[in-house]
Amino acid sequence: MNKLGLHAFVWTAGWNADDATRAIGRTAELGFDLIEASAMDYAAFDVAATRRALEANRIGITMSFGLTDDMDVSSGDPGRVAHGERHLLDGISLARDVGATHVCGILYSAFRKYDTPPTQDGIAGSVEVVRRVAEKAQASGITLGMEVVNRYESNVLNTARQAVRFCDRVGMPNVKVHLDCYHMNIEEADIAAAITQTGDRLGYFHTGDSHRGYLGSGSIDFGCVFRALVASGYAGPITFESFSSAVVGQPLEGILGIWRTLWDDSRDLAAHAKLFTDAHLHAARQAWRHVPDAIDPD
Ligand code: MN
């Protein structure tokens, strides 16, 4: 069965002891199985408070990281590649220390709008870095998710098919494809086909609507998304991600392009996302039972 998660930015952009305790407690209260925490500044991440709150509330944690331009592991520039690798390896140490099961996000390039396509050498260098980071992650039982994002956030992995090829080149069992239907809605020709064709390479999934607000209040066909997840036998985490300027300020507002306040009640947004996801998953599993010769996805 899929574990359902909630991105911590629904509650807070910071992660001191109070932020961690509050965000984890509220996420557990709503019935989620895990929280996804992002850290830009590792030193500001309170590991002890996070572990205490996770244990007290009996939920799990996953983490997502990003790389700035001076850490671009796809740049082909030895200094920036080495800087990015160090940052990713330190991120794995942090993830290990908090007991994370998955580390996901744009781990293969900078998070930025590029002006040119990637180079073959740049991608080859990124593959090598991800392989070494995956070796360290594997020792702690951590799965890496290569998040496929839209063209304005990276020039390396914009489609599921590119990500499957990238993961094949890395060649590590704990390096998987991370799909996000917000990004897929921009880049994929057919969202359901992209999910089913990724098949057992899929290791992490983000839900988010076309405008990253309330699930179901945008233009994404979630019936189609959840049926494809069930049909492909996906059993990994499904995490809801939504951003509002009511919670996150700079620099995240600028990085993520949050220019509108799409919601201001975190609890209502998250409670609705949990109900919406449960209902869609249940419906998709029922639909699958009625597909002729269906294999039980559980
Ligand atoms: Mn995402």
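What you are looking at is a predicted structure, and each value in this text was computed from that prediction instead of being measured. (Residues numbered from 1 in each chain as written. Predicted model: local features only at pLDDT ≥ 70, side-chain atom pairs only at ≥ 80, totals over all residues. Heavy atoms only, no water.)

Chemist: I would appreciate a short explanation of the coordination of the manganese ion in the present structure.
Modeler: Looking at the metal site, the manganese ion is ligated by Glu 147 (OE), Asp 180 (OD), His 206 (ND1) and Glu 241 (OE), spaced 2.1 to 2.2 Å from it. When the donor residues of the manganese ion are listed from N- to C-terminus, their spacing reads E-x32-D-x25-H-x34-E. Separated by 26 residues along the polypeptide, Asp 180 in strand 6 (residues 175-180) and His 206 in strand 7 (residues 202-207) bring together distant segments of the chain. With respect to burial, Asp 180 and His 206 carry one shared label: buried. (Donors = N, O, S within 2.8 Å, 3.2 Å for Na, K, Ca; no water. Helix = DSSP H or I, 4+ residues; strand = E, 2+ residues; numbered from the N terminus. Buried < 20%, exposed > 50% of the residue type's maximum accessible area, 1.4 Å probe, protein only.)

Chemist: Would you take a moment to explain the sheet that holds strand 1 (residues 4-7) for this structure?
Modeler: Neighbouring strands of a sheet are bound in pairs by backbone hydrogen bonds; such pairs are parallel or else antiparallel. An order of 1-2-3-4-5-6-7-8 is seen for the 8 strands of this closed barrel, with the pairing classed as parallel. Sheet twist, expressed as the average angle between the axes of neighbouring strands with direction ignored, equals 30°. Judged from the 3 bridges that link them, strand 1 and strand 8 (residues 238-240) form a sheet pairing that is parallel. Within the sheet, the bridge partner assigned to Gly 5 lies in strand 8 and is Thr 239. Across the sheet, helix 3 (residues 78-98) is in contact with strand 3 (60-64), strand 4 (102-105) and strand 5 (143-147); its angle to strand 3 comes to roughly 170°. (Pairing = 2+ DSSP bridges. Axes fitted to C-alpha atoms, helices over the stretch in contact; angles between N-to-C directions. Contact = heavy atoms within 4.5 Å.)

Chemist: How do you make sense of the nonpolar core when you look at a structure like this?
Modeler: The nonpolar side chains of a soluble globular protein tend to be buried, and buried together. Met 63, Leu 144, Met 146, Ile 195 and Phe 205 are the most contacted members of the largest nonpolar core, which has 88 residues in total. Core analysis: the next-biggest nonpolar cluster, separate from the first, contains 6 residues, Phe 9, Val 248, Leu 256 and Ile 258 among them. (Core = buried A, V, L, I, M, F, W, Y, C linked by side-chain atoms within 4.5 Å.)

Chemist: I would appreciate a short explanation of the environment of Thr 277 in the present structure.
Modeler: On the secondary structure map, Thr 277 appears in helix 10 (residues 266-289). Expressed as a C-alpha distance, the spacing of Thr 277 and His 206, which sit 71 residues apart in the sequence, is 11 Å. With residues up to four places along the chain from it excluded, the contact list for Thr 277 reads Leu 4, Leu 215, Phe 226 and Ile 238.

Chemist: Can you help me understand the pairing of strand 4 in this one?
Modeler: Two faces belong to every sheet, and in a regular strand the side chains alternate between them. The side-chain alternation of strand 4 yields two buried faces, one formed by His 102 and Cys 104 and the other by Val 103 and Gly 105. Bridging between strand 3 and strand 4 involves 2 bridges; their strand directions are parallel. Opposite Met 63, over in strand 4, you have Val 103 as the bridge partner. Taken together, strand 3, helix 3 and strand 4 constitute a β-α-β crossover, and its handedness is right-handed. (Right-handed = clockwise from strand over helix to strand, strands pointing away.)

Chemist: How should I be thinking about the packing of aromatic side chains in this particular structure?
Modeler: Given two aromatic rings, one states the distance between the centres and the angle between the planes to describe the pair. Under the defined criterion, the tally for this structure stands at 6 aromatic pairs. Geometrically, the ring pair formed by Tyr 42 and Phe 65 is edge-to-face, given 5.3 Å between the ring centres and 65° between the ring planes. In this pair, Tyr 42 sits in the loop between strand 2 (34-38) and helix 2 (47-57) while Phe 65 sits in the loop between strand 3 and helix 3, placing the two residues 23 residues apart along the sequence. Feature note: the residues Phe 222, Phe 226 and Phe 276 constitute an aromatic cluster, connected by ring pairs. The ring of Tyr 114 carries Arg 112 above its face, with NZ or CZ at 4.6 Å from the centroid. (Phe/Tyr/Trp six-rings, centres within 6.5 Å; stacked < 30°, edge-to-face > 60°. Lys NZ or Arg CZ within 6 Å of the ring centre and 35° of its normal.)

Chemist: Mind showing me how you'd approach unusual backbone geometry here?
Modeler: Both trends apply: most residues other than glycine have a negative phi, and most peptide bonds are in trans. Cis geometry is found at the peptide bond from Gln 250 to Pro 251, where omega equals 5°. In this structure, Pro 251 sits in the loop between strand 8 and helix 9 (252-256). Phi at Arg 58 is positive, roughly 50°, even though this residue is not glycine. Along the chain, Arg 58 falls in the loop between helix 2 and strand 3.

Chemist: Mind showing me how you'd approach the pattern of salt bridges here?
Modeler: Oppositely charged side chains may form a pair once their charged atoms are brought near each other. Under the criterion given, the structure shown has 13 salt bridges. Its salt-bridge partner being Arg 212, residue Glu 241 comes within 3.5 Å of it at the nearest N-O pair. Taken together, the positions of Glu 241 in the loop between strand 8 and helix 9 and Arg 212 in the loop between strand 7 and helix 8 (222-231) put the pair 29 residues apart, joining distant regions of the chain. Residue Glu 241 is classed as buried on the basis of its relative accessible area of 7%. Look at the salt bridges and you will find they share partners, linking Asp 69, Arg 80, Arg 112 and Asp 115 into a network. (Salt bridge = Lys/Arg side-chain N within 4 Å of Asp/Glu carboxyl O.)

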